[in-house]
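# Residue-level structure breakdown
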Amino acid sequence: MSSRPRYPYISSSQITPEPVWRARRQWMQQMAGLAAGTGLGGLGAILPGSAAADTLPAIAGMQANPEYAAAKIDRKLTTEKDVTSYNNFYEFGTGKGDPLDYAGKMSTSPWQVQVSGEVEKPRTFDLDELVKLAPQEERVYRLRCVEAWSMVIPWVGYPLSALLKQVQPTSKAKFVQFITDMQPEAMPGLRDRIIPWPYREGLRMDEAMHPLTLLTFGLYGKRLPNQNGAPLRIIVPWKYGFKSGKSIVKIVLSETMPQTSWVAIAPSEYGFYGNVNPDVPHPRWSQSHERVIGGGFFDPKVPTLKFNGYGEQVASLYSGMDLRANY
Ligand SMILES: Nc1nc2c(c(=O)[nH]1)N[C@H]1C(S)=C(S)[C@@H](COP(=O)(O)O)O[C@H]1N2
Ligand SMILES: [Mo]
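No experiment lies behind these values; they were computed from the predicted model shown.

Attention now goes to the site of ligand 1. The environment of ligand 1 is made up of 18 residues, and the closest members are Tyr 90, Glu 91, Arg 233, Ser 244 and Lys 246. In this structure, an oxygen atom belonging to ligand 1 sits 2.7 Å away from a main-chain N or O atom of Tyr 90. The side chain of Asn 228 places a nitrogen or oxygen atom 3.0 Å from an oxygen atom of ligand 1. In isolation ligand 1 has 530 Å² of accessible area, and contact with the protein removes 99% of it. Taken atom by atom, the bulk of ligand 1 overlaps the largest cavity. In the shell around ligand 1, the residues fall into eight nonpolar, seven polar and three charged.

Attention now goes to the sheet that holds strand β6 (residues 175–180). Spatial ordering of the open sheet is given by β2-β1-β11-β6-β7, a layout of five strands whose pairing is mixed. The open sheet has two edge strands, β2 (123–126) and β7 (200–204), and neither has a second partner. Pairwise comparison of adjacent strand axes, ignoring direction, gives a mean angle of 20° for this sheet. Across five bridges, the pairing between β6 and β7 is antiparallel. Looking across to β7, one finds that Phe 178 is bridged to Glu 201. Each of β1 (112–117), β2, β6 and β11 (248–254) is contacted by helix α7 (residues 160–167), which is oriented at about 135° to β2, the strand it contacts most.

According to UniProt, the "binding site: Mo-molybdopterin" (unreviewed entry) feature falls on Asn 87, Tyr 90, Glu 91, Cys 145, Thr 180, Asn 228, Arg 233, Ser 244, Gly 245 and Lys 246. Lining the largest cavity, from this annotated set, are Asn 87, Tyr 90, Glu 91, Cys 145, Thr 180, Asn 228, Arg 233, Ser 244, Gly 245 and Lys 246. Structurally, Cys 145 can be placed in strand β3 (residues 141–145). Relative to the helices and strands, Arg 233 resides in strand β10 (residues 233–235). In this structure Arg 233 comes out as buried when scored by relative accessible area, which is 3%. Discounting chain neighbours no more than four positions away, the residues touching Arg 233 are Trp 155, Leu 214, Leu 215, Thr 216, Leu 224, Asn 228, Ser 244, Gly 245, Lys 246, Ser 247 and Ile 248.

All chains considered together, the criterion is met by two cavities of 30 Å³ or more. Of the pockets and cavities examined, the largest cavity occupies roughly 310 Å³. Lining the largest cavity are 26 residues, with Asn 88, Phe 89, Arg 233, Gly 241 and Lys 246 sitting closest to its centre. When contributions to the lining of the largest cavity are tallied by element, the ones reaching two or more residues are β3 and β4 (149–153). Ranked by the residues each element gives to the lining of the largest cavity, the list is headed by β4, at three residues. Residue composition of the lining of the largest cavity, by class: 15 nonpolar, seven polar and four charged. Computed from the structure, the second largest cavity encloses a volume of approximately 40 Å³. Lining the second largest cavity, in full, are Arg 144, Cys 145, Ala 148, Trp 149, Tyr 240, Val 276, Gln 287, His 289, Glu 290 and Thr 304. Broken down by secondary-structure element, the contributors of at least two residues to the lining of the second largest cavity are β3 and β12 (289–292).

So, on to the pairing of strand β8 (residues 214–219). Counting buried positions along β8 gives six out of six residues, so the element sits mostly inside the fold. Looking at chain direction, strand β5 (residues 155–159) and β8 are connected through five bridges and run antiparallel. Its bridge partner lying in β8, Pro 159 is registered against Leu 214. Alignment of β8 against β10, held across three bridges, turns out to be antiparallel. Paired with Leu 214 across the bridge in β10 is Ile 235. Direction of pairing for β8 relative to strand β9 (residues 222–223): antiparallel, over a ladder of two bridges. By the bridge assignment, Gly 218 is partnered in β9 with Arg 223. Taken together, β8 and the strand that follows it, β9, pair antiparallel across an intervening segment of two residues, in which Tyr 220 is found at a positive phi of about 50°.

Here we take up the side chain of Asn 228. Here Asn 228 lies in the loop between β9 and β10. Excluding residues that lie within four positions of it along the chain, Asn 228 makes contacts with Val 83, Thr 84, Asn 87, Trp 155, Leu 219, Arg 233 and Lys 246.

Quick look at the nonpolar core now. Ranked by internal contacts, the top residues of the largest apolar core, which has 60 residues, are Trp 155, Trp 238, Ile 251 and Leu 253. Here the element with the most residues in this core is α7; it accounts for five residues.

About the cut-offs
Residues numbered from 1 in each chain as written. Chains lettered and ligands numbered in written order. Predicted model: local features only at pLDDT ≥ 70, side-chain atom pairs only at ≥ 80, totals over all residues. Heavy atoms only, no water. Near = heavy atom within 4 Å. Polar contact = N/O pair within 3.5 Å; in protein donor to acceptor, adjacent residues only side chain to side chain. Areas by Shrake-Rupley, 256 points an atom, 1.4 Å probe, with all protein chains shown as cover. 1 Å grid on protein atoms, 1.4 Å probe; cavity = no way out; pocket = protein on both sides within 12 Å on 5 of 7 lines; lining within 4 Å. Sits in = over half its atoms within 2 Å of the grid points. Nonpolar A, V, L, I, M, F, W, Y, C, P; charged D, E, K, R; others polar. Pairing = 2+ DSSP bridges. Helix = DSSP H or I, 4+ residues; strand = E, 2+ residues; numbered from the N terminus. Axes fitted to C-alpha atoms, helices over the stretch in contact; angles between N-to-C directions. Contact = heavy atoms within 4.5 Å. UniProt positions renumbered as here; feature names shortened; annotations may be inferred. Buried < 20%, exposed > 50% of the residue type's maximum accessible area, 1.4 Å probe, protein only. Points joined across faces, edges and corners; volume = space filled by probe spheres on them. Core = buried A, V, L, I, M, F, W, Y, C linked by side-chain atoms within 4.5 Å.

Pasting the structure below:
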């Protein structure tokens with residue numbers, strides 16, 4: 001994250017404009033269909049290249065929710081190739097290509113998630129049980145990252161609130177912490193002490209319960225590839241990428257603000273909130289503009305939007321807060 005990407009630009013030879021265009025067009029058609037009241041299948045059913053074996057059935061059958069999906073996406077979807085080959089997952093190394101090269105060895109089945117802390121009903125869920133909690137929704141979001149680059153990714157998942165409601169947070173629950181798995185045999189990055197492992201992230205309770213905060217199982221209608229955080233991760237679309245922990249095994253609710261990895265390492269650079277904000281530069285780079293992954297070397301950067309463009313939905317969570325002090 002703080003280290004320079006090894007190959008910061010995707011060369012134009014890696015871009016496949018036609019499939020991008022096709023995916024976007026099909027997405028728009030799906031949106032139009034839904035707006036017209038037709039219940040179409042999920043992305044998994046319509047996007048090209050969705051290998052049936054990789055499709056997560058209960059998720060792929062979900063329907064898109066036009067309220068959250070189409071309106072904010074005024075850019076092309078990032079190609080599946082870029083989404084799955086240009087990653088941050090330091091357990092597998094700090095290079096953007098390391099997760100693709102090394103995450104294949106991570107074991108993702110069986111998988112359980114333990115939910116504990118300030119809850120009335122602490123419980124350990126099997127992955128299948130979590131998939132079954134899914135309401136009929138599927139959404140597309142932008143993900144932005146601290147390096148001031150961005151992608152538009154058709155994530156597949158459902159609001160984290162559906163899971164949190166199952167365990168009944170106590171009145172003391174003010175924060176939620178997400179803890180990533182540790183598999184020393186499969187994760188060469190754990191030998192480097194860049195992060196006090198395991199990777200930990202967190203949200204305030206109201207952020208975690210916000211309908212835009214997604215418990216994510218897939219992308220492009222398929223199960224998450226390991227490098228993107230299989231078998232489940234968090235996506236918080238109005239925050240920088242580091243807030244979205246991958247390959248989560250524990251969720252802990254607490255009364256006090258939990259420790260998070262990046263705040264522990266570099267508190268002056270990364271705050272607990274991590275809200276996308278063009279007015280608050282990172283100490284080592286501006287956040288006013290972002291490079292769109294998949295564009296050409298000479299494509300101009302585009303202006304970054306406050307809260308990643310989701311201000312209408314989330315700004316009220318921070319009313320009265322100084323977002324410069326609480327970065
Ligand atoms: N466990 C874990 N989760 C993580 C990271 C990590 O290194 N380890 N990197 C974060 C950062 S800095 C970013 S930008 C996003 C990248 O997600 P993506 O590779 O799916 O785009 O994952 C976040 N979640
Ligand atoms: Mo990041």
